[in-house]
Amino acid sequence: MRETRLDTARIRAARRVIDPVFLDTPLYRCEALEPALGCAVSIKLETANPVRSFKARGTEVVASLLADQGSRAVVCASAGNLGQALAWSGRGRGLDVTVVASRFATAAKLDRIRALDATLELVDGDHEMARERAAAIARRDGIRLVEDSLDLETCEGAGTIGLELVDATPSFDAVLIALGGGALATGVGHVVKSMAPGTEVICVQPLGAPALTHSWRRRRVVTTDSTDTIADGVAGRCPIPAVLDDLLLVADDAVLVQEASITAGMRMLLDHAGLVVEPSAALGIAAILEDRDRFAGRHVVTILCGSNVDVDAYHRWVGAAGVNGSERQAR
């Protein structure tokens, strides 16, 4: 494999600075899901930690480096999960954390950022506007800007999940990874393709937020004017060129799924695994629902990447999308 920006030795070293509360998350075969999906399914439960998403693996690396350098402040843009993670990691290391988010972001995520003592600034646009504002604050104040997926710490922190997957027994035929900015996909993908090259790396994105998938397919950056998906955690419009370069090296496929399949996946995880997840975390299940023949007879692992969800919205989604009805639409 040609080299990505990532380094496996640094990913191994990241495990030494990440709080163990975020490491070695549960990984288990969920047999209750299998009759409906037609394949062996294991889930990697990245929601089982204090911020309920995988993002803290990366922010722990960032905050550790900043603390070692004597830095006192840091800023990021976030749809919610990165902001919570950076607030948690920064608070533990005495950093002043500012998070910029869209005022239309999930309220529960914004409330949690505030509860973790970060300064929260809201913008009247989408995540791309939040990214612009965070960059302006970093320039004005001369502080570190954390750019999710562009900054290697965010990708290599996520890559520690890959180490845990390749060390698992038995091995997997494929890993399904939610695709948003690309940190999770490039981090896990780098490790898997380096250490278990026979495992298929499949990235999954909503039809309503397809920019990075279109970019991967066309091998050039493709932007979109807007997004239309309940999966706010992966709803980017402007892929980062360096991230696309890495993704082209580690992803075997990138697929798009319908909203009905996402809500069906959320409902299945609730009904059959007792798990409440946000829409982004159900993308892997949605991909299986939409292409059962592809996965039939295989052992697939999907990373449940977050569970920070607005309760009222969640009830609307899972209540309005009974599994059988959504499965029929997904076929």
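For the structure itself, look to the data block above.
Here the structure is a predicted model, which is why all the values come from computation and not from measurement.

Thresholds, definitions, all that
- Residues numbered from 1 in each chain as written.
- Predicted model: local features only at pLDDT ≥ 70, side-chain atom pairs only at ≥ 80, totals over all residues.
- Heavy atoms only, no water.
- Helix = DSSP H or I, 4+ residues; strand = E, 2+ residues; numbered from the N terminus.
- Buried < 20%, exposed > 50% of the residue type's maximum accessible area, 1.4 Å probe, protein only.
- Contact = heavy atoms within 4.5 Å.
- Areas by Shrake-Rupley, 256 points an atom, 1.4 Å probe, with all protein chains shown as cover.
- Lys, Arg positive; Asp, Glu negative; His and termini not counted.
- Charge placed at Lys NZ, Arg CZ, Asp CG, Glu CD.
- Pairing = 2+ DSSP bridges.
- Right-handed = clockwise from strand over helix to strand, strands pointing away.
- Axes fitted to C-alpha atoms, helices over the stretch in contact; angles between N-to-C directions.

Visitor: Help me understand the overall build of the protein, please; the structure alone is not making it clear to me.
Guide: Helices and strands together make up the secondary structure of the protein, namely 15 helices and 10 strands. Along the three orthogonal principal directions, the C-alpha set of the protein runs to about 55 × 40 × 35 Å. Burial analysis of the protein (331 residues in total) assigns 59% to the buried set. Across the protein, every contact between residues at least 6 apart in sequence was considered, and the portion connecting residues at least 24 apart equals 74%. For the protein, the accessible surface area stands at approximately 12,800 Å², while carbon and sulfur atoms represent 47% of it. Counting 36 positive and 43 negative side-chain charges, the protein places the centres of these two groups 1 Å from one another.

Visitor: Quick question: what am I supposed to make of the pairing of strand β3 (residues 73-77) here?
Guide: Within a regular beta strand, the side chains point alternately toward one face of the sheet and then the other, so they alternate between its two faces. With 4 of 5 residues buried, β3 is to be regarded as a mostly interior element. As paired elements, β3 and strand β4 (residues 96-102) share 5 bridges and run parallel to each other. Residue pairing across strands places A73 opposite D96, the latter belonging to β4. A crossover links β3 with its parallel partner β4, the connecting element being helix α4 (residues 81-91), and its sense is right-handed. Pairing of β3 with strand β6 (residues 144-146) involves 3 bridges; the strand directions are parallel. What sits directly across from C76, in β6, is V146.

Visitor: Please clarify how the sheet that holds strand β8 (residues 200-206) should be interpreted in this entry.
Guide: The strands making up a sheet associate through hydrogen bonds between their backbones, and the pairing can be parallel or antiparallel. A sheet is described by the order of its strands in space; here 6 strands give the open sequence β1-β2-β10-β7-β8-β9, paired in mixed fashion. Strand pairing shows two members of the sheet lacking a second neighbour, β1 (27-29) and β9 (253-257), which therefore form its edges. Ignoring which end each strand starts from, the neighbouring axes of this sheet average 25° apart. Those strands touched by helix α12 (residues 283-290) are β2 (40-45), β7 (174-178), β8, β9 and β10 (299-304), and its axis lies near 85° from that of β9.

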